[in-house]
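Structural characterization, general
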Amino acid sequence: MSHEYDTVFVGAGLGALASASLMAQRGQKVLVVEKHNIPGGYASNFRRKDFTFDVSLHSFDGVMRGGHSFKVIEACGVADKVEFLHHPTLYRYRADDIDITVGHRDLEGYKNALFRFFPEETDNINRLFAESRRNYQDLCGFLYSRKPFWMRLVATPMVYPRVLRYGHETVDAYFSRFTANERLKEVLSAQWSYYGLPAKDLAFGYFSYPFIDYLDHGGYSIKGGSQALSQALVEVIEAHGGRVELESAVQRIVTSRGRIKGVVTRKSGEVRARNVVANISPQAVVALTGEEHFAPRYLSRLREQKLSVSGFQVYLGLDCPLSELGVGAEDYIHFFAPPKTQREQFEHIKAGELHPDNTSWSINYFSNIDPSMVPVGKSSLGLFTLTGPSEWHSLSKLEYRRKKQALTDLLIDNAERVMPGLRQHIEVCEAGSPRTMSKFTQNPEGAIYGFEQTTRQSGLFNRFPQKYPVKGLYQVGAWTFPGAGFIGTMLSARVLVDRYF
Amino acid sequence: MTYVVTDNCIRCRHTNCVDICPADAFHLGPNFIVINPQECVDCGLCLPECPEAAITPENQLDDSNRHFLDLNATLAEHWPVILQRIPALEDHPQWSGVPNKLPHLIHEADPVDPVRDTHLAHA
Ligand SMILES: Cc1cc2nc3c(=O)[nH]c(=O)nc-3n(C[C@H](O)[C@H](O)[C@H](O)COP(=O)(O)OP(=O)(O)OC[C@H]3O[C@@H](n4cnc5c(N)ncnc54)[C@H](O)[C@@H]3O)c2cc1C
Ligand code: SF4
Ligand code: SF4
């Protein structure tokens, strides 16, 4: 059977679903092809017994009505189809020397807490946040402007000067403009695990948007889990004549004389299309298209790109309410930081050595936000740490099982120390390793954030481009600009459509 | 719900489906493989891996193949768990796509040798 589509999407992650919804609403004929039996990629749910877990979402920044980030949700047509639940506290940072709770939309309260621990830094902290907010405004001006994309690019140095000024420095370098206090800089980047790099290596251009968006507009979960968002996007696509084909991997991207001709899918065979937008890793795109269609220089540049780190998450379903284990109703995310610098921790993480005293980890009290995902009287939580791909992918299945169990036990032991008695209440325990991440999304080495967000690989000009050298072939999602994250991938959709479609 | 291996697998048994399963739900027989419904977590990852299109979600079985649901459950109790992919049966090309192979099914499991059979889990 042969079809005609304007655009075919490879993979149904958030990047693809968001762009397909934007294009379908503009009257384009779209097809989204997904290997898995559910849409969403990392933005999906799974069930164990009576518990439903969100695969990935810890915190969605800024999606409050009237906020900048919510504009993307509106543009995709799902504003009235999904409900966002705000987190009563953004996070709590727990280290030996410092314990700070950041409230919902309470930058002033956060600053006051910082003043208590760093009294001599008061002025610096004030200046740092004032400038970070101005920078956020510049970024929003650029991202959400109604002007054509090229016009925004030309106007950037004049109208949005900070985007260029700070875009190419690290988070640490940016903070250093205001303070020399190393400890303060680490505390300010408490959420570094969301970006997959220590502040000293992480691009400020990528970090700066969610940094302020979380503080000023809050952190959110999606009622019913992120599957609800993915499903809502599918509904919009279908309501506008588009199609989502599940359980049907794209087996080949077909080109003819340097331009896209279509794809071959498992279910439909050859499908003709004018454009193909890939939501999978660029390495996989090249493999599906055939290396011979790319210049050697392009391929070697691609091979030089560094992958982001992977992660390990333990999902626990408990037979009692969280309050029984001493967890307050206001608690949501707790970051536990050992007395090591982020860079020292990252060395351990990359080597796959996880140790309660060497690497940071976090707890998410999931059911405190959405009790509808667990049975009445029960609860759920997640334990998370970054981990390098190290040998996860090469182990035999038996060794792999042992390693996975060992890390699961280590995280539960950690949690047991802050929630005594936890173990006796575990009814469901499931772990997601780098190998699991690869299985579900085909992302190489279980990378959870696409390419690493170093200054060399970040920003409008340095990020892996949305346009391939093959005519009609594009990239969307975590691998390209701006990068990973719920808002990151949905923004990448918006930029793609604004710029090229 | 569970996923179910059906007729197409018999005498082919590529075992392409095994490595991807996060739940170690596959059990190996001499010329067929089955999914243990107690272990399967319905992730659906195995379905596209099978070159014979032998795997079906329970809710998509019809009258012609519904009996495979019970067959999977029963055989899973007798056959060892397979953890790692092994080569397909030698004469599989001959049997690929041949309909109604159930009469060829060998129920009796091969004896497990703990030294040789490293692809199997030993209870
Ligand atoms: C554990 C974890 C926690 C996270 N926490 C947060 C958080 O708290 N906040 C936040 O904002 N972000 C978070 N993220 C990041 C965020 O989830 C991702 O960046 C985002 O969902 C990636 O979307 P994507 O569009 O790049 O596509 P992906 O989710 O990578 O999806 C790609 C899709 O392509 C499909 N596919 C692959 N190959 C093929 C093929 N050949 N044919 C058809 N389909 C194919 C895959 O099955 C998959 O569905 C987290 C990620 C993880 C893993
Ligand atoms: S891949 Fe298909 S044919 Fe091969 S063992 Fe699995 S179910 Fe049977
Ligand atoms: S559906 Fe998932 S859990 Fe069930 S047998 Fe297939 S791969 Fe294993």
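Read on for an overview of the structure. (Residues numbered from 1 in each chain as written. Chains lettered and ligands numbered in written order. Predicted model: local features only at pLDDT ≥ 70, side-chain atom pairs only at ≥ 80, totals over all residues. Heavy atoms only, no water.)

Here we take up the overall build of chain A. For chain A, the count of helices and strands is 18 helices and 19 strands. Expressed as lengths along the three principal axes of its C-alpha atoms, the size of chain A is roughly 65 × 55 × 45 Å. By the burial criterion, 64% of the 501 residues in chain A qualify as buried. For chain A, the proportion of contacts with a sequence separation of at least 24, taken over those separated by at least 6, is 71%. Accessible area of chain A: about 19100 Å², with a carbon and sulfur share of 51%. (Helix = DSSP H or I, 4+ residues; strand = E, 2+ residues; numbered from the N terminus. Buried < 20%, exposed > 50% of the residue type's maximum accessible area, 1.4 Å probe, protein only. Contact = heavy atoms within 4.5 Å. Areas by Shrake-Rupley, 256 points an atom, 1.4 Å probe, with all protein chains shown as cover.)

Turning our attention to the site of ligand 1. All names here are of chain A. By nearness alone, 33 residues border ligand 1, and Gly15, Glu34, His58, Gly485 and Phe486 come closest of all. At 2.9 Å from a nitrogen atom of ligand 1 is found a main-chain nitrogen or oxygen belonging to Ser56. Between ligand 1 and the protein, one listed contact pairs an oxygen atom with a backbone N or O atom of His58 at 2.8 Å. The protein chains hide 96% of the 1000 Å² of surface that ligand 1 would expose on its own. (Near = heavy atom within 4 Å. Polar contact = N/O pair within 3.5 Å; in protein donor to acceptor, adjacent residues only side chain to side chain.)

Okay, the nonpolar core next. Residues A:Phe60, A:Tyr110, A:Leu114, A:Phe129 and A:Leu229 are the most contacted members of the largest nonpolar core, which totals 118 residues. Element by element, the count of residues in this core is highest for helix 4 (residues 122-144) of chain A, at nine residues. Discounting residues that sit within four places of it in the chain, A:Leu114 has contacts with A:Ile100, A:Ile125, A:Phe129, A:Leu184, A:Val187 and A:Leu188. By size, the runner-up hydrophobic cluster in this structure holds 36 residues, among which are B:Ala25, B:Leu45, B:Leu47 and B:Trp79. (Core = buried A, V, L, I, M, F, W, Y, C linked by side-chain atoms within 4.5 Å.)

Turning our attention to the sheet that holds strand 14 (residues 310-318) of chain A. Residues and elements named next belong to chain A. In spatial order, the strands read 8-7-15-16-17-14-18; together these seven strands make up an open sheet with mixed pairing. Of all strands in the sheet, those bounded by a partner on one side alone are strand 8 (99-103) and strand 18 (426-432). Between one strand axis and the next, the sheet turns through 15 degrees on average, direction left out of account. Direction of pairing for strand 7 (residues 89-94) relative to strand 15 (residues 333-336): parallel, over a ladder of three bridges. Pairing of Arg94 across the sheet is with Phe336, part of strand 15. Most of the contacts of helix 3 (residues 107-117) go to strand 8, to which it runs at about 165 degrees, and overall it touches strand 7 and strand 8. Against the sheet, helix 15 (residues 397-418) makes contact with strand 7, strand 14, strand 15, strand 16 (361-364), strand 17 (379-387) and strand 18, and its axis sits at roughly 60 degrees relative to strand 14, the strand it touches most. (Pairing = 2+ DSSP bridges. Axes fitted to C-alpha atoms, helices over the stretch in contact; angles between N-to-C directions.)

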